[in-house]
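# Fold and geometry: a report
If you want the building blocks of each chain, they are given just below.
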Amino acid sequence: MTLLVTGGAGFIGSNFVLDWLAAADEAIVNLDKLTYAGNVHNLASLQGNQRHIFVHGDIGDTALLGALLAKHRPRAVINFAAESHVDRSILGPGAFIETNIVGTFALLEQIRAYWGSLAQGEKSKFRLLHVSTDEVYGSLGAQDSAFTEEHRYEPNSPYSASKAASDHLVRAYHHTYGLPVLTTHCSNNYGPLHFPEKLIPLMIVNAQAGKPLPVYGDGQQIRDWLYVKDHCSAIRAVLERGQVGETYNVGGWNEKPNLEIVHSVCDLLDELKPRADGVSYRQQITYVTDRPGHDRRYAIDASKIERDLGWKPVETFETGIRKTVQWYLDHPDWVAQVQSGAYREWVATQYGQA
Ligand code: NAD
Ligand code: TYD
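Residues numbered from 1 in each chain as written. Chains lettered and ligands numbered in written order. Predicted model: local features only at pLDDT ≥ 70, side-chain atom pairs only at ≥ 80, totals over all residues. Heavy atoms only, no water.

### Notes on the overall build of the protein
Basically, it comes down to this: In this description a helix means any DSSP run of H or I spanning at least four residues, a strand means any run of E spanning at least two, and both kinds are numbered starting from the N terminus. Radius of gyration here is computed from C-alpha atoms only, and the compact-globule reference equals 2.2 Å multiplied by the residue count raised to the power 0.38. Two residues form a contact once any of their heavy atoms are found within 4.5 Å. The accessible surface values rely on the Shrake-Rupley method and a 1.4 Å probe; as for residues, cover is taken only from the protein chains in view.
When helices and strands are counted, the protein shows 13 helices and twelve strands. A compact globule built from 354 residues should have a C-alpha radius of gyration of about 20 Å, and the protein, at 20 Å, falls within 12% of that. The C-alpha extent of the protein, read off along each of the three principal axes, is 65 × 50 × 35 Å. In the protein, the proportion of contacts linking residues at least 24 apart, taken out of those at least 6 apart, comes to 81%. Surface summary for the protein: the accessible area is close to 14900 Å², and the carbon and sulfur share equals 52%.

### Some thoughts on the site of ligand 2
Using the following cut-off: In these notes, residues near a molecule or strand are those with any non-hydrogen atom within 4 Å of it. Under this definition, polar contacts are N or O atom pairs within 3.5 Å; protein pairs additionally need one hydrogen-donor-capable and one acceptor-capable atom, and for neighbouring residues in sequence, both atoms have to be side-chain atoms. Residues were grouped as follows: Ala, Val, Leu, Ile, Met, Phe, Trp, Tyr, Cys and Pro as nonpolar; Asp, Glu, Lys and Arg as charged; and all remaining residues, including Gly, as polar.
In the vicinity of ligand 2 lie 17 residues, with Glu135, Pro214, Arg223, Arg291 and His294 positioned nearest. Separating an oxygen atom of ligand 2 from a side-chain N or O atom of Arg223 is a distance of 2.7 Å. Out of a free accessible area of 510 Å², ligand 2 has 96% covered by protein chains. Looking at the shell around ligand 2 element by element, the count peaks at three residues for strand S8 (residues 213-216). For the shell around ligand 2, the per-class residue count stands at seven nonpolar, five polar and five charged.

### As for the site of ligand 1
Taken together, 28 residues lie around ligand 1, and Ile12, Asp32, Ser84, Tyr159 and Lys163 are the ones closest in. Measuring from a nitrogen atom of ligand 1, one finds a backbone N or O atom of Ile59 at 3.0 Å. Within the complex, 96% of the 830 Å² of free accessible area of ligand 1 lies under protein. When contributions to the shell around ligand 1 are tallied by element, the ones reaching two or more residues are helix H1 (11-23), strand S5 (127-133), helix H6 (158-177) and strand S7 (188-190). Sort the elements by how many residues they give to the shell around ligand 1 and S5 lands first, with three residues.

### Brief notes about the environment of Pro180
Keep this limit in mind: Per-residue accessibility, obtained with a 1.4 Å probe over protein chains only, is compared with the maximum for each type, and a residue is labelled buried under 20%, exposed over 50%, and partly exposed between these values.
Position of Pro180 among the secondary structure elements: in the loop between H6 and strand S6 (181-186). We classify Pro180 as buried; its relative accessible area is 6%. Here the alpha-carbon distance between Pro180 and Trp115, two residues 65 residues apart in the chain, equals 9.1 Å. Not counting residues within four places of it along the chain, the set of residues in contact with Pro180 comprises Trp115, Lys123, Phe126, Arg127, Leu128 and Val244.

### As for the packing of aromatic side chains
Quick reminder of the rule: Each Phe, Tyr or Trp ring, with Trp reduced to its six-membered ring, pairs with another whose centre is within 6.5 Å; inter-plane angles below 30 degrees give stacked pairs, above 60 give edge-to-face pairs, and intermediate values give tilted ones.
This structure, assessed with the given rule, holds 15 aromatic pairs. Taking 6.4 Å as the distance between ring centres and 80° as the angle between the ring planes, the aromatic pair formed by Phe96 and Tyr159 counts as edge-to-face. With Phe96 in helix H4 (residues 94-117) and Tyr159 in helix H6, this pair connects stretches of sequence that are 63 residues apart. Given a relative accessible area of 2%, Phe96 falls into the buried group. For Tyr159, a relative accessible area of 8% gives the class buried. A centroid spacing of 6.0 Å and a plane angle of 80° characterise the contact between Tyr328 and Trp334, whose relative ring orientation is edge-to-face. Overall, Tyr328 belongs to the buried group, its relative accessible area being 2%. Judged by relative accessible area, Trp334 falls into the buried class, the value being 9%.

### Observations concerning the pattern of salt bridges
Condition: Any carboxyl oxygen of Asp or Glu that lies within 4 Å of a side-chain nitrogen of Lys or Arg is treated as forming a salt bridge with it.
Tallied over the entire structure, the rule returns 20 salt bridges. Taking the shortest distance from any N to any O, the salt bridge between Glu197 and Arg88 comes out at 2.7 Å. A residue pair is termed long-range when its members are at least 10 positions apart, and Glu197 in the loop between S7 and helix H7 (199-208) and Arg88 in helix H3 (residues 86-91) qualify at 109 residues. Looking at Arg88, the relative accessible area reads 34%, which means it is partly exposed. Between Glu318 and Lys256 there is a salt bridge whose closest N-O contact spans 3.9 Å. Taken together, the residues Glu318 in helix H11 (residues 317-330) and Lys256 in strand S11 (residues 255-257) connect sequence positions 62 residues apart. Looking at Lys256, the relative accessible area reads 12%, which means it is buried.

### Digging into the environment of Met1
Secondary-structure assignment places Met1 in the segment before strand S1 (2-6). Taking the C-alpha atoms as reference, Met1 lies 8.2 Å from Arg73; in sequence the two are 72 residues apart. When sequence neighbours within four positions are dropped, the list of residues in contact with Met1 reads Glu26, Ala27 and Arg75.

### Side note on the sheet that holds S1
Our working rule: By definition, two strands form a pair when at least two bridges between them are found by DSSP. What counts as an axis is a line fitted to C-alpha atoms, over the stretch in contact for a helix, and the angles between N-to-C directions run from 0 to 180 degrees.
Reading across the sheet, the seven strands line up as S3-S2-S1-S4-S5-S6-S10 and stay open at both edges, with parallel pairing between neighbours. Whereas interior strands pair on both sides, the edge strands pair on one side only; in this sheet they are strand S3 (52-56) and strand S10 (247-250). Strand after strand, the sheet turns through a mean of 20° between neighbouring axes, direction not considered. Direction of pairing for S1 relative to strand S4 (residues 76-79): parallel, over a ladder of four bridges. Residue pairing for S4: Leu3 is matched across the bridge by Ala76.

### Some points on the sheet that holds S11
On the basis of which strands lie adjacent, the open sheet formed by three strands has the order S7-S9-S11 and mixed pairing. With one partner strand each, in any of the chains shown, S7 and S11 form the two edges of the open sheet. Sheet twist, expressed as the average angle between the axes of neighbouring strands with direction ignored, equals 50°. The sheet contact formed by S7 and strand S9 (residues 222-227) spans three bridges and is parallel. Residue pairing across strands places Asn189 opposite Leu226, the latter belonging to S9. Taken strand by strand, helix H9 (residues 258-272) contacts S9 and S11, and its axis lies near 85° from that of S11.

Geometry only, nothing functional implied.
Structure (structure tokens):
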């Protein structure tokens, strides 16, 4: 039995692949384009592991996808591949449309053809799990209830709009063709292997480098944080026990304003690796111009996945953020390599392109 995972060299995908291969016998075919966010070094510990087959390629490459599906005959596909950074989507939405919408469409078409060719027994067991985000629901007011699966779609950034479009395509392929799909909407993840352009890893890395810690606007925007390994366990639960055609919100009931997150990171660094001058890392906080169209608050109501699938996160924010800060302190080589672009050079050497 085999899984096809897309985007498995990114932050969440690589955590998922590592956890899966540590716990299960099943092989993974890992298709990743290795954009700036994809890093094969995240998977270095799998070198020589026969159950991990890495394929450098694009979900939009229909010939490649068709060949991979025919050769490996996966029992499920998990789609992590995406452009994922809101700020980048504001600066240049094109890549988000290309991968998140057109790429997902290409993937769906190839999966539909493959699934249609399966024998009845395999066909009914096959699953496509599409990994989406809470950001498709838009922004909540301070007093609003957390997002349930019934919340209307109201995406506000090019990133969330492109993810919303991909969700609609996935839904339509179930409704129209009967493709057995599952969709998850997770809140903000944090943890090991997170590219330091997103809030938490950026703050950890900048703090140690003596650089400013840029807080957008008043820093009172609220996100709902989940440790990445808990997101991975939720995906496993949905894959194994989720009801076809259903959507599941995934979250840790951990709403926090950004400034509180930055303070937590600074305080942990003060404890674990204090500045030589004894001054708190909080001194490095700087308030910068807000993100255009910045969503004020996200919050996930995770009752459905808890009730129907018996899933619960293992980490609290306090345990998860401590593990995360410690991981970055323990892996300066990973950070240096990501920042120096050395892994991009490796891609160019290995695959003949940047
Ligand atoms: P990431 O940006 O770290 O990784 C994305 C991966 O996809 C990279 O390895 C990249 O090389 C690959 N990729 C990009 N375009 C591709 C293409 N056309 N073909 C094949 N591979 C391609 O993202 P992440 O944070 O790991 O997010 C993974 C998924 O989870 C995304 O779909 C994202 O929308 C969703 N999600 C993320 C979060 C979060 O907090 N990070 C929360 C909820 C949902
Ligand atoms: P981010 O990690 O980019 O995730 P998302 O925008 O998908 O929620 O940002 C999390 C929050 O942190 C968001 O409200 C924007 C804010 N933020 C900053 O204040 N400063 C920063 O340097 C970054 C990257 C984000």
